[in-house]
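Fold and contact review
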Amino acid sequence: MKLIIGNKNYSSWSLRGWLAAKQSGLSFEELIVNIGGEEWDQFKRSNGEFQPSSGKVPILWDEETVVWDSMAIMEYLGDKVGRDRFWPKDESARGMARAMVAEMHSSYLALRRECPMNVRARVQLSGLSEEAQHDIVRILGLWAEARARHGQGGPFLFGTFGAADIFYAPIVSRFITYGIAVPGFAQTYMEAIWEHDWMQDWIGASEDEQWVIEQFEMAGA
């Protein structure tokens, strides 16, 4: 399999797809393309088989199968290796995890817009809109409920690392980058995500990247 991803410093959806591929336990080759430069346009022009994705990352290429969108990639991999690798076994926990992942996939637009992912940066925010603040409160509420109801088996949202953690990992990165104040339980959870071996690999690669996308560097100032 091949996984095409964008800049590790900026591409939150690439992080989700990459973590899903790591969680699957399957071997894959990662191809990194600078989505902020001409390289991405050149790559798309020279690789017509990826055009069903409408030019977005991440993209999973598994022989004749091309899957785009992070959630679709995770579900595809779950079908290959067993869904229990991604989702809690308990029915109640699994239902909540699925709802949280779906909400992350479709919501929090204000927070995404005002606080784009920038792993390397540490930004002093000048202020957030009411909508972005509402997003933060909502996320922290979901984290609190997941941990209280289903987090007894470990430090992650549903105890062990899984789909919900994969999808909220970029939110953890955003909270760290922009110094978002969080309660103690959330700080502990964020540390567990940040110190995870796969996240440490991603963070290290982000710091080594030479690409800079100015519009993301100016965000939050």
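For clarity, every value in this text was computed on a predicted model and none was experimentally measured.

Basis of the calculations
Residues numbered from 1 in each chain as written. Predicted model: local features only at pLDDT ≥ 70, side-chain atom pairs only at ≥ 80, totals over all residues. Heavy atoms only, no water. Core = buried A, V, L, I, M, F, W, Y, C linked by side-chain atoms within 4.5 Å. Buried < 20%, exposed > 50% of the residue type's maximum accessible area, 1.4 Å probe, protein only. Helix = DSSP H or I, 4+ residues; strand = E, 2+ residues; numbered from the N terminus. Domains from an automatic or database assignment. Contact = heavy atoms within 4.5 Å. Pairing = 2+ DSSP bridges. Axes fitted to C-alpha atoms, helices over the stretch in contact; angles between N-to-C directions.

Concerning the nonpolar core
M74, M100, W143, L157, F158, Y168 and F175 are the most contacted members of the largest nonpolar core, which has 60 residues in total. Elements supplying a minimum of two residues to this core: β1 (2-5), α1 (12-24), α3 (70-81), α4 (91-106), α6 (130-150), α7 (163-177), α8 (184-195) and α9 (197-208). Two domains share this core, each providing at least three of its residues, namely domain 1 (2-83) and domain 2 (87-203). Leaving out residues up to four positions away in the same chain, F175 has contacts with L111, I136, I139, L140, W143, I180, V182 and M190.

Considering the sheet that holds strand β2 (residues 29-32)
Spatially, β2-β1-β3-β4 is the arrangement adopted by the four strands of the open sheet, whose pairing is mixed. Of all strands in the sheet, those with a lone pairing partner are β2 and β4 (65-68), marking the two edges. Neighbouring strand axes in the sheet, compared pairwise and without regard to direction, differ in orientation by 20 degrees on average. Inspection of the sheet shows strand β3 (residues 59-62) paired to β4 by four bridges, in the antiparallel sense. Following the sheet pairing, D62 is matched in β4 by T65.

Topic: the environment of K2
With respect to the element layout, K2 can be found in strand β1. It is 29 Å that separates the C-alpha atoms of K2 and E217, two residues lying 215 residues apart in sequence. Every residue in contact with K2, bar those within four places of it in the chain, is listed here: E29, L31, I59, L60 and W61.

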